[in-house]
Amino acid sequence: QVRSENVVADEEYQLVVRSSDGVVVDRREFTAEPSTPTDARVAVISCIADVFHNKWAWRQVESMGPDLVLITGDAVYLDRPGLLTTKAPATERDIWQRHVESRNRVQLYRWPRLVPTASVWDDHDFGFNNALNPWPLAEQSKEIYEAFFPREEIKGSLNHGPGMAMNYHFMGQSFVFLDVRSFQQREAQGYLYGPQQEHWLESQDLNPTA
């Protein structure tokens, strides 16, 4: 993870990564959020199964020049280690390995221009197909997910809710993500969010520019 502070709106920046001996191993471009809200071009993406990776599709998304990428679930398939293999992760190492493999394979993470990206998990990146809480690796899975998809709370921009829920303000819009894994219960059909998360949602400012 890399953290930048005091960046100026509308300015162009470069992120240059060098090895210990000074060799440039990665270079990206980025800007801060525009000072004046404008119409934003938003790419909504889900179900990123890296074993079925399609570079052409990602190039198409990149060519559209999105201002924001929203990953609405299944950013990583923890239970799909191979094209014809379906297997739930058995250890914390398994979860980490699948995140690494997906990050190294999916074209989104190789775009030369960094695009603000917000995400929330669903069953496959929580654990496995139709996985619900509790399961033994839930907390480890959350920690690893947040290592690869940082969601540090930023006052006035990104507000945390229960579990993985969050309210993200970007270019005059409010994007609310709800956690449909941490609180769902098998014995209560249709019980997805839980009262704590529902109360949090009711308390959120969904019109940040008003």
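The structure this text deals with has already been given above.
Since we're looking at a predicted model, the values are computed, not measured.

Q: What exactly am I supposed to notice about the pattern of salt bridges here?
A: Any two side chains of opposite charge can pair, on the condition that their charged atoms come close. Across all of its chains, the model carries eleven salt bridges by this definition. For Glu-12, the salt bridge identified is with Arg-113, shortest N-O distance 3.2 Å. Highlighted residues: Glu-12 in strand S1 (residues 12-18) and Arg-113 in the loop between helix H2 (92-105) and strand S5 (117-119), separated in sequence by 101 residues. Close ionic contact of Asp-26 with Arg-28 constitutes a salt bridge, the shortest N to O distance being 2.9 Å. Each of Asp-50, Arg-98, Glu-101 and Arg-105 takes part in salt bridges that share partners, so that together they form one network.

Q: Help me understand the sheet that holds S5, please; the structure alone is not making it clear to me.
A: Pairing between the strands of a sheet is mediated by backbone hydrogen bonds and can be parallel or antiparallel. Sheet architecture is open: three strands sit in the order S3-S4-S5, paired in parallel fashion. The strands lining the two open edges of the sheet, one partner per strand, are strand S3 (42-45) and S5. Direction aside, neighbouring strands of the sheet carry axes that sit 15° apart on average. Looking at chain direction, strand S4 (residues 68-71) and S5 are connected through three bridges and run parallel. Residue pairing for S5: Leu-70 is matched across the bridge by Ala-118.

Q: Whenever I open this one, the pairing of strand S8 (residues 173-177) confuses me. Can you help?
A: On a regular strand, one side chain projects to one face of the sheet and the next to the other, so that they alternate. In this structure, strand S7 (residues 166-170) lies alongside S8, joined through five bridges in antiparallel fashion. Note that in S8 the partner of Phe-170 across the bridge is Gln-173. Here S7 folds back onto S8, and the loop between the two strands holds two residues, one of which, Met-171, carries a positive phi near 50°.

Q: Explanation requested: unusual backbone geometry in the structure shown.
A: Trans peptide bonds make up the majority, and among non-glycine residues the majority have a negative phi. Omega for the peptide link from Asn-133 to Pro-134 comes to 0°, which places this bond in the cis form. Note that Pro-134 resides in the loop between helix H3 (123-126) and helix H4 (138-148). Phi is positive for Cys-47, which is not a glycine, with a value near 55°. Secondary-structure assignment places Cys-47 in the loop between S3 and helix H1 (55-63). What makes Cys-47 partly exposed here is its relative accessible area of 44%.

Q: What is the right way to look at the packing of aromatic side chains in this model?
A: Given two aromatic rings, their pairing is described by the distance between the two centres and the angle made by the two planes. One pass over the structure, following the stated rule, counts nine aromatic pairs. On the numbers, 5.9 Å between centres and 35° between planes, the contact of Tyr-168 with Phe-170 is tilted. The exposure classification of Tyr-168 matches that of Phe-170, with both residues buried. Grouping aromatic residues by their ring pairs yields a cluster made of Tyr-109, Trp-121, Phe-126, Phe-128, Trp-135, Tyr-145 and Phe-149. Just above the ring of Phe-149 sits the side chain of Arg-103; from NZ or CZ to the centre is 4.9 Å.

Q: Quick question: what am I supposed to make of the environment of Phe-177 here?
A: Along the chain, the position of Phe-177 falls in strand S8. Through-space distance from the C-alpha of Phe-177 to that of Ser-119 is 7.7 Å; in sequence the pair is 58 residues apart. Aside from chain neighbours lying at most four places away, what touches Phe-177 is Leu-70, Ile-71, Ala-118, Ser-119, Val-120, Ala-165, Met-166 and Trp-200.

Analysis parameters
- Residues numbered from 1 in each chain as written.
- Predicted model: local features only at pLDDT ≥ 70, side-chain atom pairs only at ≥ 80, totals over all residues.
- Heavy atoms only, no water.
- Salt bridge = Lys/Arg side-chain N within 4 Å of Asp/Glu carboxyl O.
- Helix = DSSP H or I, 4+ residues; strand = E, 2+ residues; numbered from the N terminus.
- Pairing = 2+ DSSP bridges.
- Axes fitted to C-alpha atoms, helices over the stretch in contact; angles between N-to-C directions.
- Buried < 20%, exposed > 50% of the residue type's maximum accessible area, 1.4 Å probe, protein only.
- Phe/Tyr/Trp six-rings, centres within 6.5 Å; stacked < 30°, edge-to-face > 60°.
- Lys NZ or Arg CZ within 6 Å of the ring centre and 35° of its normal.
- Contact = heavy atoms within 4.5 Å.

From the geometry alone we can't say anything about function, so treat these as descriptive.
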